Amino acid sequence: MQKQVIYFDHAATTYVKPEVLEAMLPYFTQEYGNASSIYSIGRSNRKAVEDARASVAQAIGAAEPSEIYFTGSGTESDNWAIKGAAAALRKKGKHIITSNIEHPAVMSTCEYLKKEGYDITFLPVDAEGLVNPEDVDKAIRPDTILVTIMMANNEIGTIQPIKEIGAVCKKHGVLFHSDAVQAAGNIAINVRELGVDLLSISGHKFYGPKGTGILYMRKGVKIESLIHGGHQERNRRAGTENVPGIVGFAKALELATKNLDAHYEKLKSLRDRAYKGISEKIPHIRLNGHPEKRLPGNLNVSFRFVEGESVLLMLDMKGIKASSGSACTSGSLDPSHVLLAIGLPHEIAHGSLRLSFGEVNTEEDVDYMVDSLSEIITKLRNMSPLYEDFIKGE
């Protein structure tokens, strides 16, 4: 008998682990002081924040805890890194380099800066979603002030050559930011080895609380503040510290780092089992993203002659929660910019499904999903005039 809900959308968000919630609870109740206050329950909160900062620094290989700044989300961290660097370095130049498959938190921020007079280069990717470090090298100009390339793509799971891009940026003396929101908790991150100057992470992607994030800022890097007000976060990010959230973020990252190898192998096994089953039972499909250089729990597949939204709704009726490669579900009639960037035509991009696996998923869940998906695709194709014409033409 199957579970009432089978959740295959961990790239969108995750539940909060019991150990994380347990670590957070005292700071909602007994330890409710303001971390900026000087009396005892304020000081205990300050210690909790600084302990969390040290824990996060260790988890991502930062040189010092002071390089970690707590934020309210990965989106805020991306905005701060990009807008902050743009403002701080505008006298040097106004050229920024990014890729054409970035998360909207980066894409929209770059589009905003473009309207403010900045010149943005959107680098192309290959058919598997990879940015070529040589393209970054060629795109850098004397007025380039920032390169921002995501560590792993949220839709197709492709992992970028961040270390190589970091070396290019260092050679030219250009700041390098990476959105690591999808990567954190799924693959190892060492900011010093990767050569990044700025790095964004969000807590709710690895079983931590929503509304939490960090910006790693290498010592010596100077960017403008995004949020002004009080003196919190060493006068860099105003607002009363979200102590429960900060504690929860650090605990979740600690657990993710400790269990990384086992987590990676389990998710990869589930992903590979799912793709094998889909490939054997459903014809006319396409794997999106790099076949090997991808996140362990990410599987993005396009099904010809069907609409992704119909697949999602029918999966939901069977208790299976996933997401589409198409942006139609968010009110847009256009397919995903990521799928278009890797060369998919509109009609195939619209028929895409993203499955992202997590720790609670089982092989039985995967097998049930594959059987259900096969049934759904067959039913939808039998209703499709395009598929009928295709079969007649074979």
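Scope of this entry: the structure provided in the associated data block.

About the criteria used
Numbering of residues starts from 1 in each chain and follows the order in which that chain's sequence is written. With pLDDT at 70 or above as the cut-off, local features in this predicted model cover only qualifying residues; side-chain atom pairs require 80 or more to be listed or tallied, and sums for whole chains, interfaces and linings still use all residues. By convention in this description, side-chain values take in all heavy atoms of the structure and omit both hydrogens and water. Here, nonpolar core refers to any group of buried Ala, Val, Leu, Ile, Met, Phe, Trp, Tyr and Cys residues whose side-chain atoms link them within 4.5 Å. Only protein chains enter the accessibility calculation, which uses a 1.4 Å probe. A residue is then buried if its area is under 20% of the maximum for its type, exposed if over 50%, and partly exposed in between. Counting from the N terminus, the helices are DSSP H or I runs at least four residues long and the strands are E runs at least two residues long. Residues count as neighbours in contact if any of their non-hydrogen atoms are within 4.5 Å of one another. Each helix should span, by expectation, one fewer than its residue count multiplied by 1.5 Å. Here the arc refers to the set of directions running from the helix axis out to each C-beta atom. Pairs were defined over the aromatic rings of Phe, Tyr and Trp, the Trp ring being its six-membered one, requiring ring centres within 6.5 Å. Orientation was assigned from the angle between planes: stacked under 30 degrees, edge-to-face over 60, tilted for the rest. Nitrogen and oxygen atoms within 3.5 Å of one another constitute a polar contact, given that in protein one can donate a hydrogen and the other can accept it, and given that sequence-neighbouring residues count only through two side-chain atoms. Paired strands, in this sense, are two strands between which DSSP finds at least two bridges. For every element, the axis is a line fit to its C-alpha atoms; helices are fit only across the contacting stretch, and the angle between N-to-C directions ranges from 0 to 180 degrees.

## Re the nonpolar core
Formed by 63 residues in total, the largest nonpolar core has its most connected members in Ile60 and Ile189. With nine residues, the top contributor of residues to this core is helix α9 (residues 243-258). Among residues more than four places away in sequence, those in contact with isoleucine 60 are Ile68, Ile189, Asn190, Val191, Ile201, Ile214, Tyr216 and Leu253.

## Considering the environment of isoleucine 376
Turning to its location among the elements, isoleucine 376 is positioned in helix α14 (residues 363-382). Here isoleucine 376 is in contact with Val311, Met314, Leu315 and Lys318, once residues within four sequence places are set aside.

## As for helix α10 (residues 260-281)
Residues that lie three or four places apart on an α-helix share one face, since the helix turns once every 3.6 residues. With 22 residues, α10 should cover 32 Å at 1.5 Å per step; its first-to-last C-alpha distance of 32 Å lies within 8% of that length. Residues Leu260, His263, Leu267, Leu270, Arg271, Ala274, Gly277 and Ile278 constitute the buried set of α10. Viewed along the axis of α10, the buried residues span an arc of 145 degrees, placing them on a single side of the element. Facing away from the buried surface of α10 by more than 90 degrees, the exposed residues are Asp261, Ala262, Lys276 and Glu280. Turning to α10, the residues buried within the fold contact α9, β9 (285-288), β10 (298-303), β13 (352-356) and α14.

## Considerations on the packing of aromatic side chains
Aromatic ring pairs are defined here through the distance separating the ring centres and the angle between the ring planes. As enumerated under the stated definition, the model contains seven aromatic pairs in all. Consider the rings of phenylalanine 8 and phenylalanine 357, whose centres lie 5.1 Å apart with planes at 70 degrees: the pair is edge-to-face. Of this pair, phenylalanine 8 sits in the loop between β1 (6-7) and α1 (18-24) while phenylalanine 357 sits in the loop between β13 and α14, and the two are 349 residues apart along the sequence. Phenylalanine 357 shares its class with phenylalanine 8; the two are buried. A centroid spacing of 5.6 Å and a plane angle of 80 degrees characterise the contact between tyrosine 69 and tryptophan 80, whose relative ring orientation is edge-to-face. Here tryptophan 80 lies in helix α3 (residues 74-88) and tyrosine 69 lies in strand β2 (residues 68-71), a separation of eleven residues in the sequence.

## Considerations on the side chain of histidine 263
Among the structural elements, histidine 263 can be located in helix α10. Here the side chain of histidine 263 touches glycine 185 through a polar contact of 3.5 Å, landing on its backbone oxygen.

## Focus on the pairing of strand β8 (residues 213-217)
In terms of burial, β8 is a largely internal element, five of the five residues being buried. As paired elements, β2 and β8 share four bridges and run antiparallel to each other. The residue bridging tyrosine 69 from the neighbouring strand is leucine 215, located in β8. Pairing of strand β7 (residues 198-202) with β8, which is carried by five bridges, proceeds in the antiparallel orientation. Bridging from a neighbouring strand, isoleucine 201 pairs with isoleucine 214 of β8.

## Details of the sheet that holds β13
Read from one edge to the other, the open sheet built from four strands follows the order β9-β10-β13-β12, with strand pairing classed as antiparallel. The open sheet is flanked by β9 and β12 (323-324), the only strands paired with a single partner. Relative to β10, β9 runs antiparallel, the two being bridged by four bridges. The residue of β10 that forms the bridge with asparagine 288 is asparagine 300. Across the sheet, α10 is in contact with β9, β10 and β13; its angle to β10 comes to roughly 15 degrees.

## Remarks on the sheet that holds strand β5 (residues 144-148)
Through backbone hydrogen bonds, the strands of a sheet pair up, either in parallel or in antiparallel fashion. Read across the sheet, seven strands follow the order β2-β8-β7-β6-β5-β3-β4 without closing on themselves; strand pairing throughout is mixed. Both edges of this open sheet fall to β2 and β4 (119-123), since each of them pairs with a single strand only. Mean inter-strand twist for the sheet, computed between neighbouring axes without regard to direction, equals 20 degrees. Looking at chain direction, strand β6 (residues 175-179) and β7 are connected through three bridges and run parallel. Along β7, the bridge assignment pairs histidine 177 with leucine 198. Running over the sheet, α3 touches β2, β3 (95-99), β5, β6, β7 and β8 and is turned about 160 degrees from β7.

## Quick word on unusual backbone geometry
The residue tyrosine 207 is not glycine, and still its phi comes out positive at about 70 degrees. Within the secondary structure layout, tyrosine 207 lies in the loop between β7 and β8. For tyrosine 207, a relative accessible area of 5% corresponds to the buried category. Phi is positive for arginine 234, close to 55 degrees, though the residue is something other than glycine. Relative to the elements of secondary structure, arginine 234 occurs in helix α8 (residues 232-235). Here arginine 234 falls in the partly exposed class, since its relative accessible area comes to 35%.

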